[in-house]
Amino acid sequence: HRGASAYYPENTMAAFRGAVAMSAEMIELDVLLSKDGVPVVFHDAHLEDHTNGSGLVSDRTLKELKELDAGSWFDKRFAGEQIPTLEEVLQFASGTIALNIEIKTEAVTEEHRGGVAEKSLALVRKYDMGNHVFFSSFDYRAVAHLKELDSNVPVAILYNNRWPNHKLPHELINEYEADAFNCSYRELTKKRLASLRNYNIPSFVYTVDSKSRMRKL
């Protein structure tokens, strides 16, 4: 989750290298767009909590984002750690580890051409990672955009209770032509679990930080 984020500053190359060193099979990461339209790996829309900068990620160019310290907030040992681009992470991951690329809502617009989905998908293809990446998003527009761009790209719906939440997983999967369903362990109700089982839908449950919860799930 955002790399080995219990041990390293989240969504940094240090966290991704740490995940590989710990024999993780997949890294989850988050993608936003810089002011000049470059996909960058960062979770929050605002910079304050995880860098020495302030304001919105989308208000800074890539050059400006690269000048920020994205490591000291976690520990001074990681001073100077940068915000990585998605391309840098794909270069690192290619031939090494699978990725779950979450498209953040803040980067999504109504237009799918030239947007975050198309740019991210192009980078995945550039590094021949198509068989080792799936996308996910809380914003179902991003799911639809990705499927419009490539019907074969694996995309998971992240359950978003701000969107139509009366629908069961199989209904959302069918509506958006998605391939998998992700939700919090708190949201894995009996009805949703039955929907996933009955329709044979792959699912990923977060955040599981204890062995007892993992076994229960």
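Preceding this paragraph is the structure being described.
Okay, so let's go over this structure. (Residues numbered from 1 in each chain as written. Predicted model: local features only at pLDDT ≥ 70, side-chain atom pairs only at ≥ 80, totals over all residues. Heavy atoms only, no water.)

1. Quick word on the pairing of strand β1 (residues 26-33)
- Of all 8 residues making up β1, 7 are buried, and the element is well covered by its neighbours.
- Where β1 lies against strand β3 (residues 98-103), 6 bridges are found, and the strand directions are parallel. Within the sheet, the bridge partner assigned to Asp 30 lies in β3 and is Glu 102.
- Sheet topology note: the β1/strand β2 (residues 39-41) ladder contains 3 bridges and is antiparallel. Its bridge partner lying in β2, Leu 32 is registered against Val 40.
- From the end of β1 to the start of β2, which pair antiparallel, there are 5 residues, and Gly 37 there has a positive phi angle of about 80 degrees. (Buried < 20%, exposed > 50% of the residue type's maximum accessible area, 1.4 Å probe, protein only. Helix = DSSP H or I, 4+ residues; strand = E, 2+ residues; numbered from the N terminus. Pairing = 2+ DSSP bridges.)

2. Some details on the sheet that holds β3
- Reading across the sheet, the 7 strands line up as β2-β1-β3-β4-β5-β6-β7 and stay open at both edges, with mixed pairing between neighbours. Bordering the open sheet on either side are β2 and β7 (203-206), each of which pairs with just one other strand. Sheet twist, expressed as the mean angle between neighbouring strand axes with direction ignored, is 30 degrees.
- Bridge count for strand β4 (residues 133-137) against strand β5 (residues 155-158) is 3 bridges, and the pairing is parallel. Across the sheet, Ser 137 pairs through a bridge with Ile 157, a residue of β5. (Axes fitted to C-alpha atoms, helices over the stretch in contact; angles between N-to-C directions.)

3. A few points about helix α4 (residues 116-126)
- Buried within α4 are the following residues: Val 116, Ala 117, Ser 120, Leu 121, Leu 123 and Val 124. Down the axis of α4, the sector holding all buried residues measures 160 degrees, keeping them to one side.
- Immediately downstream of α4, the backbone of Asp 128 shows phi near 55 degrees, a positive value. (Arc of directions from axis to C-beta.)

4. Comments concerning the side chain of Asp 30
- Mapped onto the elements, Asp 30 comes out in strand β1.
- Asp 30 gets classed as buried once you look at its relative accessible area, which sits at 0%.
- For Asp 30, the side chain forms a polar contact with the side chain of Asn 11, separated by 3.0 Å.
- If we ignore the near neighbours within four places in the chain, the residues touching Asp 30 are Arg 2, Asn 11, Val 40, Val 41, Phe 42, His 43, Glu 102 and Lys 104. (Polar contact = N/O pair within 3.5 Å; in protein donor to acceptor, adjacent residues only side chain to side chain. Contact = heavy atoms within 4.5 Å.)

5. With respect to the packing of α4 against helix α5 (residues 140-149)
- Where α4 meets α5, the axes come as close as 9 Å, and the angle between the chain directions of the two elements is 50 degrees. Relative to α5, the element α4 is oriented oblique. Considering how the two elements wind past one another, α4 and α5 form a crossing that is right-handed. Side by side, α4 and α5 meet where Ala 117, Glu 118, Leu 121 and Arg 125 of the first sit next to His 145, Leu 146 and Leu 149 of the second. (Parallel < 35°, antiparallel > 145°, perpendicular 65-115°, else oblique. Left-handed = near helix turned anticlockwise from the far one by under 90°.)

6. Regarding the packing of helix α1 (residues 13-21) against helix α3 (residues 86-93)
- Interaxial distance between α1 and α3 falls to 11 Å at its minimum, and their mutual angle equals 20 degrees. Comparing the axis directions of α1 and α3 gives the class roughly parallel. Like other packed secondary-structure pairs, α1 and α3 cross with a definite hand, here right-handed. Side by side, α1 and α3 meet where Met 13, Phe 16, Arg 17 and Val 20 of the first sit next to Glu 88, Val 89 and Phe 92 of the second.
- Classifying every residue of the contact of α1 with α3 by side-chain character gives 5 nonpolar, no polar and 2 charged. (Nonpolar A, V, L, I, M, F, W, Y, C, P; charged D, E, K, R; others polar.)

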